Amino acid sequence: MSSFSVLNDVDEQTSKTVLGSDGAARWQDFRSSSKIKATTSVAPAIPLKKLDRALGTKSISDERATEAKIRKDAGDRELDAGYTEFTRKNDHEEIAAQKKRKLILDRVRPDA
């Protein structure tokens, strides 16, 4: 069991679900359905930490491959999996249903 999976188990037991926004949902849909895959970046690669170099990691891609392997072996989600649950900011059908329920519950019937 990796340290990541132990922290992940504690997090699942103690924290609330992190909900993605409407924009995050649209971005994930676009990213997964887009034919253009972002493989290069103009940003410089971040330097490796001293501990990573001591463990034999040669580049940031080696570090990411190691992290992916640890997550896969532990049965955790893969890197860049993104949000799994989303809030709906403007769900008009749900708002209308709540308003209708409130009108029904607040209705005062005359005595017969």
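Residues numbered from 1 in each chain as written. Predicted model: local features only at pLDDT ≥ 70, side-chain atom pairs only at ≥ 80, totals over all residues. Heavy atoms only, no water.

Colleague: Would you mind going over the pattern of salt bridges with me for this structure?
Modeller: Pairing is possible between side chains that carry opposite charge, provided their charged atoms lie close to one another. Applying the stated criterion across every chain yields a total of 4 salt bridges. The salt bridge partner of Glu63 is Lys49, with a shortest N-O separation of 3.3 Å. Linking Glu63 in helix H4 (residues 60–74) with Lys49 in the loop between helix H2 (22–33) and helix H3 (50–54), this pair joins segments that are 14 residues apart in sequence. Take Glu63: its relative accessible area is 21%, and that puts it in the partly exposed class. Using a relative accessible area of 51% as the deciding quantity, one classes Lys49 as exposed. Note that Arg71 is salt-bridged to Glu67, the shortest N-O span being 2.9 Å. With Arg71 and Glu67 both in helix H4, this residue pair falls 4 residues apart, about one helical turn. For Arg71, a relative accessible area of 16% gives the class buried. (Salt bridge = Lys/Arg side-chain N within 4 Å of Asp/Glu carboxyl O. Helix = DSSP H or I, 4+ residues; strand = E, 2+ residues; numbered from the N terminus. Buried < 20%, exposed > 50% of the residue type's maximum accessible area, 1.4 Å probe, protein only.)

Colleague: What should I look at first to understand H4 in this one?
Modeller: Since the α-helix turns once every 3.6 residues, residues separated by three or four places project in the same direction. Helix length check: H4, at 15 residues, gives a terminal C-alpha distance of 21 Å against a target of 21 Å (1.5 Å per residue), a fit within 8%. One or two positions beyond H4, positive phi appears at Gly75, with a value near 80°. (Expected span 1.5 Å × (residues − 1).)

Colleague: Looking at this structure, I do not really get the confidence of the model for the protein. What am I missing?
Modeller: Close reading of the predicted structure is inappropriate where its pLDDT is low. Of all residues in the protein, 86% have pLDDT values of 70 or greater, and the mean over the chain is 77. Mean pLDDT values for the elements of the protein range from 77 in helix H1 (residues 3–14) up to 84 in H4. (pLDDT = per-residue confidence, 0-100.)

Colleague: Honestly, the side chain of Thr57 in this entry has me stumped. Any pointers?
Modeller: When you line up the elements, Thr57 lands in the loop between H3 and H4. Leaving out residues up to four positions away in the same chain, Thr57 has contacts with Leu48, Asp52, Asp62 and Glu63. (Contact = heavy atoms within 4.5 Å.)

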